[in-house]
Structures are given as structure tokens and as C-alpha cells.
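Examination of the molecular architecture
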Amino acid sequence: MAIMDFLWMTKAKLFLLIIFLIVTIPKYYNSNCDAACASGAASPLCQCGFSIANFYTIFVLAYIVACIMGEIYKIIKKRTGKKIAA
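All values reported here derive from a predicted model rather than from experimental measurement.

**Let's talk about the overall build of the chain**
If you tally the helices and strands in the chain, you get 5 helices and 2 strands. Secondary structure elements of the chain, listed N to C terminal, follow the sequence α-α-α-β-α-β-α. Per-residue burial over the chain gives 15% buried out of 86 residues. Residue pairs at least 24 apart in sequence account for 63% of intrachain contacts in the chain once pairs closer than 6 positions are excluded. For the chain, the exposed surface amounts to about 6,900 Å²; the carbon and sulfur share of it is 72%.

Right, dumping it as C-alpha cells:
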């Protein structure tokens, strides 16, 4: 149950996830292809456009980081709230 609570998306976690995905666009979408890659040369080094494998990896990592940062924020918010009330 604790893992599901940790991985559950709240508004703050979703906002962080969207920011991480926007910031990491160059990692999973290669928009600057050279002429050799654009001509259709079959090379593993030529990745033009969207890469689903890279997007999946970055999405999972961004999801986990957003969850961790959201939980850290929640813990800090609880601790500072108790100090002010005491």
C-alpha cells in the first residue's frame, strides 16, 4: 500500500513530471539530423526524430524523480508546519 501511495500522481507530482519531460525533449527527440542520416543511411548512430525507447526510459525516470521530489516536499511541508504551530 505504501508503494501505491508513493507512486500515486498528485497535481504537484504531475506538474513536475511535465516539466521534466519538457526539459528532456532533446534526449528523446533528435531534431538536428545531418544529411547522411536524413538520406536514409541505416546506421545505429543516426537517430532522427522521435525515439520511443528513449522516451520510455526518460518517462519512467522522470516519473520516479517526480514522485521522490513530491514526497520530499510533503515531508518538508509537514515538518515546517509542526515547528510553526509548536
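**A closer look at the packing of aromatic side chains**
If you walk through the whole model with that rule in mind, you get 3 aromatic pairs. Relative to phenylalanine 55, the ring of phenylalanine 50 lies with its centre 5.6 Å away and its plane at 45°, an arrangement referred to as tilted. Taking the relative accessible area as the measure of exposure, phenylalanine 50 reaches 44% and is therefore partly exposed. Aromatic side chains phenylalanine 59 and tyrosine 63 sit 6.2 Å apart centroid to centroid with 40° between the ring planes, which places their arrangement in the tilted category. Linking phenylalanine 59 with tyrosine 63, this pair stays in helix α5 (residues 52–85), spanning 4 residues, or about one helical turn. Look at phenylalanine 59 and you get partly exposed, because its relative accessible area is 31%. According to the relative accessible area criterion, tyrosine 63 is partly exposed, its value standing at 23%. Chaining the aromatic ring pairs together yields one cluster made of Phe50, Phe55, Phe59 and Tyr63.

**Let's talk about the environment of phenylalanine 50**
With respect to the secondary-structure elements, phenylalanine 50 resides in strand β2 (residues 49–50). Through-space distance from the C-alpha of phenylalanine 50 to that of isoleucine 25 is 9.4 Å; in sequence the pair is 25 residues apart.

Cut-offs and rules
- Residues numbered from 1 in each chain as written.
- Predicted model: local features only at pLDDT ≥ 70, side-chain atom pairs only at ≥ 80, totals over all residues.
- Heavy atoms only, no water.
- Helix = DSSP H or I, 4+ residues; strand = E, 2+ residues; numbered from the N terminus.
- Buried < 20%, exposed > 50% of the residue type's maximum accessible area, 1.4 Å probe, protein only.
- Contact = heavy atoms within 4.5 Å.
- Areas by Shrake-Rupley, 256 points an atom, 1.4 Å probe, with all protein chains shown as cover.
- Phe/Tyr/Trp six-rings, centres within 6.5 Å; stacked < 30°, edge-to-face > 60°.

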